[in-house]
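What follows is the residue order along each chain.
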Amino acid sequence: MREVFTVSKVRVATTSLAGCFGCHMSFLDMDERIVGLLEHVEFSRSPINDIKHCDPCDIGLVEGALCNADNVHVLKEFRENCKILIAVGACAINGGVPAMRNHFTLQECLEEAFLDMIGVDNPHIPNDVEIPLLLSKVHPLHEVVKVDYYLPGCPPSADAFVKVLTDLLEGKEPSLPKSMLHYD
Amino acid sequence: MEQNQSNLRRVAIDPVTRVEGHGKVTLLLDEANHVREARFHIVEFRGFEKFIQGRPYWEVPYFVQRLCGICPVSHHLAAAKAVDQLVGVYDLTPTTEKLRKLLHFGQTLQSHALHFFHLSSPDLLFGFGSNLEHRNIVGVIEDFPDLALKGVRLRKYGQQVIEVIAGKRVHGAATVPGGMNKSLTIEERDRLLGDIDDVLGWAADAVALNEKIHMEHPENHGFGRLISNYLSMVGTNGELELYHGGLRASRPDGGNIFDQFDYRGYYNIIREEVRSWSYMKFPYLTELGRDNGWYRVGPLARINNCDFISTPLAESARQRFKAFAGGGFVHDTLAYHWARMIEVLHCAEAIQELLLDPDILGTDLITKGEKQEEGIGVIEAPRGTLFHHYKVNEDGTIKKANLIVSTTSNNQAMNESVRSVANEYLDGNEITEGLLNHLEVAIRAYDPCLSCATHALGKMPLVVELLAPDGRMVDRVAKGSNGSITRTL
Ligand code: SF4
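- As named in an unreviewed UniProt entry, chain B is NAD(P)-dependent nickel-iron dehydrogenase catalytic subunit, taken from Mariprofundus ferrinatatus.
- UniProt, in the comment section headed Sequence similarities (unreviewed entry), describes chain B in these words: "Belongs to the [NiFe]/[NiFeSe] hydrogenase large subunit family."

- In the nomenclature of an unreviewed UniProt entry, chain A is known as NAD-reducing hydrogenase small subunit of Mariprofundus ferrinatatus.
- Check the Cofactor (unreviewed entry) section of the UniProt entry for chain A; it says "[3Fe-4S] cluster".

## Points about the interface of chain B and chain A
The extent of an interface is frequently quoted as the accessible surface area lost upon association of the parts.
Alright, step 1. Between chain B and chain A, the contact holds 80 residues from the first and 63 residues from the second.
Alright, step 2. Regarding the contact of chain B and chain A, the summed buried area is about 6,200 Å², with carbon and sulfur atoms giving 61% of it.
Alright, step 3. A salt bridge links A:Asp29 to B:Arg155, with the nearest nitrogen and oxygen atoms 2.8 Å apart.
Alright, step 4. With six residues, the top contributor of residues to the side of chain B that touches chain A is helix H6 (residues 145–166) of chain B.
Alright, step 5. For the side of chain B that touches chain A, the class distribution of residues is 30 nonpolar, 20 polar and 30 charged.
Alright, step 6. Relative to strand E8 (residues 270–273) of chain B, strand E6 (residues 120–121) of chain A runs parallel, the two sharing two bridges. Note that in E8(B) the partner of A:Asp121 across the bridge is B:Glu273.

## Structural notes on the sheet that holds strand E12 (residues 384–392) of chain B
Residue and element names in this part refer to chain B.
Alright, step 1. Spatially, three strands are ordered E11-E12-E13 in an open sheet, and the strand pairing comes out antiparallel. Edge positions in the sheet fall to strand E11 (374–381) and strand E13 (398–404), since each of these pairs with one other strand and no more. The mean angle between the axes of side-by-side strands here comes to 10°, regardless of whether they run parallel or antiparallel.
Alright, step 2. Pairing geometry for E12 and E13, over six bridges, is antiparallel. The partner of Val 392 across the bridge, within E13, is Ile 398.

## Some remarks on the UniProt feature "binding site: Mg(2+)" (unreviewed entry) in chain B
Residue and element names in this part refer to chain B.
Alright, step 1. Sites flagged by UniProt as "binding site: Mg(2+)" (unreviewed entry) map to Glu 49, Leu 403 and His 455.
Alright, step 2. Following the sequence through the fold, Leu 403 ends up in strand E13.
Alright, step 3. The exposure class assigned to Leu 403 is buried, which follows from its relative accessible area of 4%.

## Topic: a negative patch on the surface
Residues and elements named next belong to chain B.
Alright, step 1. A cluster of acidic side chains, namely Glu 373, Glu 374, Glu 394 and Asp 395, defines a negative patch on the protein surface.
Alright, step 2. Mapped onto the secondary structure, Glu 373 falls in the loop between helix H12 (335–356) and E11.
Alright, step 3. On the accessibility criterion, Glu 373 (58% relative accessible area) is exposed.

## Here's the deal with the site of the ligand
Alright, step 1. Close contacts around the ligand come from 13 residues, with A:Cys20, A:Cys23, A:Ala90, A:Cys91 and A:Cys154 the closest.
Alright, step 2. Sort the elements by how many residues they give to the shell around the ligand and helix H4 (residues 89–94) of chain A lands first, with three residues.

## Comments concerning the UniProt feature "binding site: Ni(2+)" (unreviewed entry) in chain B
All names here are of chain B.
Alright, step 1. Per the UniProt record, "binding site: Ni(2+)" (unreviewed entry) is found at Cys 68, Cys 71 and Cys 449. For the annotated residues, spread through 382 residues, the largest C-alpha to C-alpha distance comes to 8.9 Å, consistent with a single compact locus.
Alright, step 2. By the secondary structure assignment, Cys 68 is in the loop between helix H2 (60–63) and helix H3 (72–86).
Alright, step 3. Inspection of the secondary structure puts Cys 449 in the loop between helix H15 (433–445) and helix H16 (450–454).

## As for the pairing of strand E7 (residues 256–261) of chain B
Residues and elements named next belong to chain B.
Alright, step 1. Examined bridge by bridge, strand E6 (residues 246–250) and E7 share three bridges and lie antiparallel to one another. Along E7, the bridge assignment pairs Ser 250 with Asn 256.
Alright, step 2. Hairpin connection from E6 to E7: five residues lie between these consecutive antiparallel strands, with Gly 254 at a positive phi of about 100°.

Definitions and limits used
Residues numbered from 1 in each chain as written. Chains lettered and ligands numbered in written order. Predicted model: local features only at pLDDT ≥ 70, side-chain atom pairs only at ≥ 80, totals over all residues. Heavy atoms only, no water. UniProt positions renumbered as here; feature names shortened; annotations may be inferred. Contact = heavy atoms within 4.5 Å. Buried area = accessible area lost by both parts, 1.4 Å probe. Salt bridge = Lys/Arg side-chain N within 4 Å of Asp/Glu carboxyl O. Helix = DSSP H or I, 4+ residues; strand = E, 2+ residues; numbered from the N terminus. Nonpolar A, V, L, I, M, F, W, Y, C, P; charged D, E, K, R; others polar. Pairing = 2+ DSSP bridges. Axes fitted to C-alpha atoms, helices over the stretch in contact; angles between N-to-C directions. Buried < 20%, exposed > 50% of the residue type's maximum accessible area, 1.4 Å probe, protein only. Patch = residues over 30% accessible without salt bridge, like charges linked within 9 Å, V, L, I, M, F, W, Y side chains within 5 Å. Areas by Shrake-Rupley, 256 points an atom, 1.4 Å probe, with all protein chains shown as cover. Lys, Arg positive; Asp, Glu negative; His and termini not counted. Charge placed at Lys NZ, Arg CZ, Asp CG, Glu CD. Near = heavy atom within 4 Å.

What follows is the structure, encoded as structure tokens:
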């Protein structure tokens, strides 16, 4: 899928679901290059501003896997609003470290943290109505929505972010040279 | 803000932005419409303590980085210290010790710079209630390009220190059990030394800016202010210590609760209460009990708690900080930012010292020992004291893991600050986006890393809810992306 952007600035949204924020950190690792990028890009919802919901956008970058009902809700909102959805990093692409809990039941994980832990006072599993439903398994993005591109790495390098965004801004099919294509 | 028949209101901020993580706030109003209860809920859960079980111990320092991409090095090093004990190493070689410190100072420098310049400075520069569209790092770049670029470069330098030592800026590979995996070359050292004078200058400017902001806004000194206990590490002479030392806890008046406590007995002094409405536990000092034992950690705790700072520029900045409080402790929550920048300056100075130390270029990196069953590591992460505790089976796989992360230690304090700000600013006021941001400003001061705290990071819905005293939801208001407040109940 390819879009040629004709508007003056391309609108980009970013979010972190069950991820570690490392992908966002790597995005910011473009350092001073962010100033140049801002000539072509404006941000919708992102952890670095106060825009609370994703509005219609050209590109959505999503870090992290799906861990609870809230994550699913946010992802669906992104999908509905973004022309191009990019799964960023190992967690978004295949579940990453959060999905390590899939080897155990959710109940076992909760019991370990809240009942059996060293120094726990008032042991019980939090159950307030305010706490959103946890998914019994952690899922990568493509199991729930259509994903247009996958940007691998834990995290992808800043150079990789720049390359993919530049390609898209120029209306090209994004592609990474081998040096930027890594999975660690 | 509309009111329903029973005069009870509910306000939602969803999500809270410019913090990392996933949570929400509930405000409970009594019949007189005063905020009776303010709760900061953490709604994500990852299950790290369970899924780590059965993995080989040497993997741990690499896993735990993925709990947090903002301070991965802190987790890496706290876990590495625990792993050192698992392999029976209690004294590292001088080069290893210094390389790890260098890595940690790079980490703290970049994390603090990120938090101040990228996330919090818009509130302090433009005002808590300023235009939402402009109140972010892009706005700072537009209005204060020099300042924003200094911030970006300060963070970049910290990341470069990390990259040189760990091979990668985020989630690099640096430690091995009992040592480090790579020495520093002369070229690498010289490259880092080449920029250090600029970095020192930017850090000093950041302190000066924060001093100025704090002095010029006396009306903000009470903002989210708490008279609290403080916990941090200090060095053997009571100096500020970010890497290794004894634990010191102080009362609000500065008196010690304990001092030079060996962190390996942390479970004797800290307990964690579970509450049904949050996945983040509530730690307290056992000695003072559940109600009175809560404490604050992080830059404010460290600068208050220490007797001096070993590097000269940061020490003179600390003395100005002390003078501001008349020699006592500073309890202003927004002084976290000021204290954070004093630490940035200390990190820059300490990096320079380490780079000029001949030991840093040494190649003797590994120490060996006898395997042990239990290891406990501690570090002063950017957000505060961080504990990692592991027990292993005979085959070297993890049997039990416990983490007390910095943000968790600030859980009660964040709740208290939210309550204080809600009482002062939301009571009886028309609710605007700007006023709601005040709650976020209070939370942001702590630089919470909710991914660390829940061992799960998510982008952050913080919902502020006002419920009737019987718990009934009586109103629902959401903040739109354009800053508008919409009622949805
Ligand atoms: S892919 Fe790696 S860096 Fe990105 S969110 Fe997941 S753990 Fe963090």
